[in-house]
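Letter by letter, the chains look like this.
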Amino acid sequence: MAIQRTFSIIKPDATERNLTGAVNAVIEKAGLRIVAQKRILMTRAQAETFYAVHKERPFFGELVDFMISAPVVVQVLEAENAIQLYRDTMGATNPANAADGTIRKLFAKSVGENSAHGSDSVENAAIEIAQFFSGNEIVG
Ligand code: CMP
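Positions within a chain are numbered from 1, following the residues in the order the chain's sequence is written. Given that the model is predicted, a residue must reach a pLDDT of at least 70 before its local features are reported, and side-chain atom pairs must reach 80 or more before they are shown or counted; all residues, however, enter totals for whole chains, interfaces and linings. Side-chain metrics in this entry use all non-hydrogen atoms of the structure; hydrogen atoms and water are not considered.

Colleague: Whenever I open this one, the sheet that holds strand S4 (residues 116–118) confuses me. Can you help?
Modeller: Paired through their backbone hydrogen bonds, the strands of a sheet run either parallel or antiparallel. Should DSSP find at least two bridges between two strands, the strands are taken to pair. Only runs of H or I of at least four residues qualify as helices and only runs of E of at least two qualify as strands under DSSP, and these elements are numbered from the N terminus. Taken together, four strands build an open sheet; the order of strands is S2-S3-S1-S4 and the sheet is antiparallel. The sheet is open, and its two borders are formed by strand S2 (33–40) and S4, each paired with just one other strand. The average angle at which neighbouring strand axes cross in this sheet is 20 degrees, direction not considered. Where strand S1 (residues 3–10) and strand S3 (residues 72–80) come together, eight bridges link them in antiparallel fashion. Counted as the bridge partner of Thr6 is Leu77 from S3. With axes taken as lines fitted to C-alpha atoms, and helix axes fitted only over the stretch in contact, angles between N-to-C directions fall between 0 and 180 degrees.

Right, dumping it as structure tokens:
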């Protein structure tokens, strides 16, 4: 398996509780390298674009409101098989179903306020990274 990059967001519920470093410690312990990172306040337009695939879902409005409610930390993570590795490191979307030691089991408050986002495919990782980072901001 080749080296991959995935896109990560440390979400408002985690940044508000000052958990950026704690989440990053889990990320690094899993063998993922943080090759780009910045703290931003997403605009409504950015959040709506990012989650456009969910726009027909009943929770879309709530999701967008949440993602712009406080700063987030957007990241590019690099490792062998990074996309699946980070999904395993985050745990299930709903923290009630997340395995012990995962980011969502350790920190998430609910299925909506679930502390972290990670790309679900190579194609989406490339799209999501390009939405927030230019090439010269990513240093492997
Ligand atoms: P994420 O991986 O960022 O991708 C879509 C997000 O929608 C997901 O994490 C959850 O935070 C959110 N989500 C999924 N299901 C629900 C739900 N039932 N209610 C509120 N938010 C949800």
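Colleague: Whenever I open this one, the site of the ligand confuses me. Can you help?
Modeller: In the neighbourhood of the ligand, the contacting residues comprise Lys11, Tyr51, His54, Phe59, Glu62, Leu63, Thr93, Arg104, Val111, Gly112, Asn114 and His117. Two N or O atoms count as a polar contact when they lie within 3.5 Å, although within protein this holds only if one can serve as hydrogen donor and the other as acceptor, and sequence-adjacent residues are included solely when both atoms are side-chain atoms. For the ligand, an oxygen atom lies 3.1 Å from a polar atom in the backbone of Val111. At a separation of 3.0 Å, an oxygen atom of the ligand approaches a polar side-chain atom of His117. Computed by Shrake-Rupley with a 1.4 Å probe, the accessible areas treat only the displayed protein chains as cover when residues are assessed. Protein burial of the ligand: of its 460 Å² of free accessible surface, 78% is covered by the chains. Only protein atoms enter the 1 Å grid used here, on which a cavity is any set of points holding a 1.4 Å probe that cannot leave and a pocket is any open set flanked by protein within 12 Å on both sides along at least five of seven lines; residues with an atom within 4 Å of a point are listed as lining. The way we define it, a molecule is inside a pocket or cavity when more than half of its atoms are within 2 Å of that pocket's grid points. A majority-of-atoms criterion places the ligand in the largest pocket. Consider each residue's heavy atoms; a residue with any of them within 4 Å of a molecule or strand counts as near.

Colleague: Would you mind showing me how to read the side chain of Thr6 here?
Modeller: Here Thr6 is to be found in strand S1. Relative accessible area serves as the criterion here: at 0%, Thr6 is assigned to the buried category. Polar contacts involving the side chain of Thr6 include one to the side chain of Ser119, which spans 3.5 Å. Setting aside anything within four residues of it in sequence, one finds Thr6 in contact with Gln75, Val76, Leu77, Ala82, Ile83, Tyr86, Ser119, Ala125 and Ile129. Partly exposed residues are those whose accessible area sits between 20% and 50% of the maximum for their type, while under 20% is buried and over 50% is exposed, using a 1.4 Å probe and protein chains only. Note on definitions: a residue-residue contact is assigned when non-hydrogen atoms from the two residues lie within 4.5 Å.

Colleague: Can you help me understand the nonpolar core in this one?
Modeller: Side chains that are nonpolar tend, in soluble globular proteins, to be buried together. Here, the term nonpolar core denotes a set of buried Ala, Val, Leu, Ile, Met, Phe, Trp, Tyr and Cys residues that are joined through side-chain atoms within 4.5 Å. Grouped together as the largest cluster of nonpolar side chains are 21 residues, with contacts concentrated most on Phe7, Ile9, Met42, Met67, Val74, Phe132 and Phe133. Non-local contacts of Phe133, meaning those with residues more than four positions away in its chain, are made with Phe7, Ala36, Gln37, Lys38, Val74, Gln75, Val76 and Ile138.

Colleague: Looking at this structure, I do not really get the environment of Arg17. What am I missing?
Modeller: Structurally, Arg17 can be placed in the loop between helix H1 (12–16) and helix H2 (20–29). Using a relative accessible area of 35% as the deciding quantity, one classes Arg17 as partly exposed. A sequence separation of 90 residues divides Arg17 from Phe107, and the C-alpha atoms of the two residues are 9.5 Å apart. Residues in contact with Arg17, not counting those within four places in the same chain, are Phe107, Lys109 and Ser115.

Colleague: Sorry, what's going on with the pairing of S1 here?
Modeller: A regular strand places its side chains so that they alternate between the two faces of the sheet. In terms of residue burial, S1 counts as a mostly covered element, since six of its eight residues are buried. Taken together, the three bridges between S1 and S4 define a ladder with antiparallel strand orientation. Considered in S4, the bridge of Ile10 is made with Ala116.

Note that all results are geometric; they support no functional claim without further evidence.
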